[in-house]
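One-letter residues, chain by chain:
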Amino acid sequence: MKTAAILNHVTFRYANADAGALDGLDLEIGQGECVLLCGSSGCGKTTVTRLLNGLIPHYYEGELEGSVTVAGREIRETAIEDLAGIVGSVFQNPRSQFFCVDTTAEIAFGCENMGLPETEIRSRISRTVAEMQIQSLMDRSIFKLSGGEKQKIACAGVAAMLPELIVLDEPTSNLDLDAIEGLRGIIAAWKRQGKTVVIAEHRLGWLEGLCDRAVLMDGGRIAAEYPGNVFFSLTPQQLADRGLRAFRPAHNYLAAPRGLQQIRPFPETGTVTLEEFRFRYGKHMALDIDRLEIPAGAVIALVGHNGAGKSTFMRCLCGLQKGFSGRIRMDGKCCRPKDMQRLSYMVMQDVNHQLFAETVLEEVMLGADDDRQQEAKALLEKLEIAEFQERHPMSLSGGQKQRTAIASALLAGKRLLVFDEPTSGLDFRSMVNTAALLQMPGSEVTVLIVTHDMELIDRCCTHVLHMENGSIS
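A brief structural summary. (Residues numbered from 1 in each chain as written. Predicted model: local features only at pLDDT ≥ 70, side-chain atom pairs only at ≥ 80, totals over all residues. Heavy atoms only, no water.)

### Observations concerning the overall build of the protein
Piece 1. Secondary structure summary: the protein contains 16 helices and 20 strands in total.
Piece 2. Rg of the C-alpha trace for the protein: 23 Å, near the compact-globule value of 23 Å for 473 residues, within the 12% margin.
Piece 3. In terms of its C-alpha atoms, the protein occupies a principal-axis envelope of roughly 70 × 50 × 40 Å.
Piece 4. With 473 residues in all, the protein has 55% of them scored as buried.
Piece 5. Summarising the internal contacts of the protein: among those between residues at least 6 apart in sequence, 71% fall at separations of at least 24.
Piece 6. In the structure as shown, the protein presents an accessible area of about 20500 Å², 47% of it carried by carbon and sulfur atoms.
Piece 7. Charged side chains in the protein number 49 positive and 60 negative. The centres of these two groups are separated by 6 Å. (Helix = DSSP H or I, 4+ residues; strand = E, 2+ residues; numbered from the N terminus. Rg over C-alpha atoms; globule rule 2.2 N^0.38 Å. Buried < 20%, exposed > 50% of the residue type's maximum accessible area, 1.4 Å probe, protein only. Contact = heavy atoms within 4.5 Å. Areas by Shrake-Rupley, 256 points an atom, 1.4 Å probe, with all protein chains shown as cover. Lys, Arg positive; Asp, Glu negative; His and termini not counted. Charge placed at Lys NZ, Arg CZ, Asp CG, Glu CD.)

### Concerning the state of the cysteines
Piece 1. By the definition in use, this model includes zero disulfides.
Piece 2. Summary of cysteine pairing: C318 is not part of a disulfide, and the nearest cysteine sulfur, belonging to C316, is at 9.6 Å.
Piece 3. Looking at C318, the relative accessible area reads 2%, which means it is buried.
Piece 4. The structure places no disulfide on C335, whose sulfur is separated from the nearest cysteine sulfur, that of C334, by 6.7 Å. (Disulfide = S-S within 2.5 Å.)

### Let's talk about the pattern of salt bridges
Charged atoms that come close allow side chains of opposite charge to pair.
Piece 1. Considering all chains together, one arrives at 23 salt bridges under this definition.
Piece 2. With a shortest N-O distance of 2.8 Å, R245 and D453 are connected by a salt bridge. Of the two residues, R245 is situated in the loop between α9 (236-241) and β11 (259-262) and D453 in the loop between β19 (446-450) and α16 (454-460); the sequence distance between them amounts to 208 residues.
Piece 3. On the basis of relative accessible area, R245 is assigned to the buried category, the value being 5%. (Salt bridge = Lys/Arg side-chain N within 4 Å of Asp/Glu carboxyl O.)

### Brief notes about the nonpolar core
Piece 1. With 51 residues, the main nonpolar core has I134, I153, L168, I187, W190 and F231 as its most contacted residues.
Piece 2. If you tally residues by element for this core, the top one is helix α6 (residues 147-160), at seven residues.
Piece 3. Other than its neighbours up to four places away in sequence, L168 contacts V90, L183, I187, W190, V197, V198, I199 and A200.
Piece 4. Within the second largest apolar cluster, 43 residues are counted, among which are I385, A412, A435 and L438. (Core = buried A, V, L, I, M, F, W, Y, C linked by side-chain atoms within 4.5 Å.)

### A word on the sheet that holds strand β13 (residues 284-295)
Piece 1. Read from one edge of the open sheet, four strands run β13-β12-β15-β16, paired in antiparallel fashion. Of all strands in the sheet, those bounded by a partner on one side alone are β13 and β16 (333-335). Between one strand axis and the next, the sheet turns by 20 degrees as a mean value, whatever way the strands run.
Piece 2. Note: strand β12 (residues 271-281) against β13, ten bridges, orientation antiparallel. (Pairing = 2+ DSSP bridges. Axes fitted to C-alpha atoms, helices over the stretch in contact; angles between N-to-C directions.)

### Description of the pairing of strand β7 (residues 165-169)
Piece 1. Within β7, five of the five residues are buried, which leaves it mostly tucked inside the rest of the structure.
Piece 2. Bridging between strand β6 (residues 87-90) and β7 involves four bridges; their strand directions are parallel. Along β7, the bridge assignment pairs V87 with L165.
Piece 3. Traced from β7 through helix α7 (residues 177-192) to strand β8 (residues 196-200), the parallel crossover comes out right-handed. (Right-handed = clockwise from strand over helix to strand, strands pointing away.)

### So, α7
Because an α-helix packs 3.6 residues into every turn, residues spaced three or four apart end up facing the same way.
Piece 1. An ideal rise of 1.5 Å per residue puts 22 Å on 16 residues; α7 measures up with 23 Å between its terminal C-alpha atoms.
Piece 2. Listed as buried for α7 are A179, I180, L183, I186, I187, A189 and W190.
Piece 3. At its buried positions, α7 is contacted by α5 (118-132), α6, β7 and β8.
Piece 4. At the exit of α7 stands G194, carrying a positive phi of roughly 85 degrees. (Expected span 1.5 Å × (residues − 1).)

### Points about the environment of E384
Piece 1. Relative to the assigned elements, E384 resides in the loop between α13 (373-382) and α14 (398-410).
Piece 2. Using a relative accessible area of 30% as the deciding quantity, one classes E384 as partly exposed.
Piece 3. In this structure E384 touches R403, R429 and N433, once residues within four positions along its chain are discounted.

In structure tokens form, the structure reads like this:
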């Protein structure tokens, strides 16, 4: 088998980091091979993907030792723009890689940067759109797409460039089960075309039958390697022992009827009542709920397919969406949007938008009284990020940033806590710890979790609220 990439005794430490991200790592990736990189948050998976696409050392600064060769080119000696036609990247948050405001232009963007003729660009777009079956997403505003739809556009933009190697970092972290199945089909098509695919991922089951090899990482090194069929024969306990998630969730709550369902015993303590909840994007009715009673003090999962209106519902509930019409009653009192801004705290899907402080501890303490510092440190211990309390939040891995934002929310002392995909990018152990903490706020606090993580729902939620097409029933 020909070689697509070779990492030879690679050690890397990010600038200003206390410890190295990779430690003497050796990895060879064959041409046409599909390789899974797995392991606990912070194990070095994302760093490997950044080496393969040239973001290290050309964008992320640090100390790099050893050699990295991609398609016969040493990355240190190859300009990142020259790697663009060889390596395509799909990031955890596709918004971070968009440059255009409409979908068609976004798919064309990479090809235009390669200097291809207009006729060739149009031909590639047509072929890619047909292969991925995304005709309905063409000529749409990027800003009005769901998370899953954005991920499809990101994949299409990469596919149109016809790279030899495609790197995906946590590509399913914000996707529903149907969207994941769609992504699986896209990767299967890439494999048939002979593309080399490297995937850093925590959600593993969807990759069964796709991956030729699984590489388990720990502390910046390779802890073990498995042929695909051997890896996907591991038991749930064997996976847990390795810090990995189970392949299949016990339940698919997305298949349940629309509405609110109680899934475990819960002491009734009143309700949060929503009336005439409506919002439009232009002519499109994005949210249309006549009346909904949410049990106060419950931990409620909000599920629905990508584009169902969950994020819009969240912003309206927290008083953050301009142009929203509706009423919210808590404790029998009518709350205006400004009241809800004061009473609620939302952890966004992309936590990079809400990390402001100079250290992790300061970030968690924002909005909390100074005498709660020991409580903040205890939260960091439970979330296993106490060792980073003096680090800048933006220097952390994606999963570590997520846990920092969760800790800040739990310490905020609000009546309503809203989490948008709080376990995206989290490994098994972090997910378990987070689930336990989400049950802790107490009967005075209502917790709403927008999630596609069925395992998280099984572990901590009392109710499931199923939304589709902006409505509940």
